Amino acid sequence: MQRFETLAELAGHVGQEIGLSPWVEIDQARIQCFADATDDQQWIHTDPARASEGPFGTTIAHGFLTLSMLSYFFDQGFEIGDGRMGLNYGLNKVRFPAPVPVGSRLRARFKLLSYEPLAGGAQLAVEVTVEREGGDKPVCVAESLTRRYT
């Protein structure tokens with residue numbers, strides 16, 4: 001895991017990759033839990049038998065499940081030594097260029113796009129690229145805004 005001793009240290013890394021998360025498997029149980037939590041029970045996500053005859057040959061994760069994993073990926077991708085807390089401030093752009101078939105392993109790369117000082121911290125714009133192991137395209141690309149405080 002990439003470690004930055006101070007939040008201020010990140011200011012010198014704008015335009016650079018600042019972290020890479022470990023791989024995490026997306027299994028059917030996780031997909032079903034997300035479907036239950038969001039009431040999105042579309043068969044492409046929740047019905048393995050029907051999905052086996054669908055366009056992907058298996059169930060796929062919800063795009064919003066992949067997006068919701070960003071919090072986990074941020075926790076695992078890099079560390080700020082003097083960071084006290086972080087807040088999700090929103091997203092500027094999100095795309096899902098490829099599906100996430102059940103059983104896929106995903107990880108995220110983080111590129112710092114901007115660093116704006118705030119009272120007690122900084123606002124970071126980070127391009128997050130979620131990769132699928134063995135995939136030729138990312139499964140999610142998002143510009144995430146976070147506010148970090150020391």
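In this report, we go over the structure that sits alongside the text. None of these values were measured; they are calculated from a predicted model.

Focus: the nonpolar core
Inference 1: With 32 residues, the main nonpolar core has L10, I26, L70, F73, F110, V128 and V130 as its most contacted residues.
Inference 2: Breaking this core down by element, the ones donating at least two residues are α1 (28–38), α4 (63–68), α5 (70–77), β4 (78–80), β6 (105–118), β7 (121–132) and β8 (140–149).
Inference 3: Ignoring anything within four residues of it in the chain, the contact list for V128 reads L70, F74, A108, R109, F110, C140, V141, A142 and S144.

Digging into the pattern of salt bridges
Pairing is possible between side chains that carry opposite charge, provided their charged atoms lie close to one another.
Inference 1: Under the counting rule described, the total for this entry stands at 6 salt bridges.
Inference 2: Of the charged contacts, one joins E5 and R3 as a salt bridge, the two residues approaching to 3.0 Å between their closest N and O atoms.
Inference 3: Under the relative-accessibility criterion, E5 is labelled partly exposed at 46%.
Inference 4: What makes R3 partly exposed here is its relative accessible area of 36%.
Inference 5: Close ionic contact of R3 with E79 constitutes a salt bridge, the shortest N to O distance being 3.2 Å. With a gap of 76 residues between them, R3 in strand β1 (residues 2–4) and E79 in strand β4 connect regions that are remote in the sequence.
Inference 6: In this structure E79 comes out as partly exposed when scored by relative accessible area, which is 36%.

Here's the deal with the side chain of T146
Inference 1: Relative to the helices and strands, T146 is located in strand β8.
Inference 2: By relative accessible area, T146 is classed as buried at 7%.
Inference 3: Excluding residues within four positions of it along the chain, T146 makes contact with F74, L87, Y89, A122, Q123 and L124.

Section: the layout of surface pockets
Inference 1: The space that makes up the largest pocket amounts to roughly 450 Å³.
Inference 2: Together, 22 residues line the largest pocket, and S71, F74, D75, T146 and R148 are the ones closest to its centre.
Inference 3: Residue assignment for the lining of the largest pocket shows that the elements contributing at least two residues are α4, α5, β4, β5 (85–95) and β8.
Inference 4: No other element matches β5, which puts 5 residues into the lining of the largest pocket.
Inference 5: Classifying every residue of the lining of the largest pocket by side-chain character gives 11 nonpolar, 7 polar and 4 charged.

Looking at the side chain of T129
Inference 1: Structurally, the position occupied by T129 is in strand β7.
Inference 2: When neighbours within four sequence positions are excluded, T129 is seen to be in contact with R107, A108, R109, P138, C140 and V141.

Here we look at the environment of G15
Inference 1: Following the sequence through the fold, G15 ends up in the loop between β1 and β2 (17–20).
Inference 2: We classify G15 as partly exposed; its relative accessible area is 46%.
Inference 3: Once the C-alpha coordinates of G15 and S144 are considered, the two residues, 129 residues apart in sequence, prove to be 14 Å apart.
Inference 4: Look past the residues within four positions of G15 in its chain and what remains in contact with it is K111 and L112.

Definitions and limits used
- Residues numbered from 1 in each chain as written.
- Predicted model: local features only at pLDDT ≥ 70, side-chain atom pairs only at ≥ 80, totals over all residues.
- Heavy atoms only, no water.
- Core = buried A, V, L, I, M, F, W, Y, C linked by side-chain atoms within 4.5 Å.
- Buried < 20%, exposed > 50% of the residue type's maximum accessible area, 1.4 Å probe, protein only.
- Helix = DSSP H or I, 4+ residues; strand = E, 2+ residues; numbered from the N terminus.
- Contact = heavy atoms within 4.5 Å.
- Salt bridge = Lys/Arg side-chain N within 4 Å of Asp/Glu carboxyl O.
- 1 Å grid on protein atoms, 1.4 Å probe; cavity = no way out; pocket = protein on both sides within 12 Å on 5 of 7 lines; lining within 4 Å.
- Points joined across faces, edges and corners; volume = space filled by probe spheres on them.
- Nonpolar A, V, L, I, M, F, W, Y, C, P; charged D, E, K, R; others polar.

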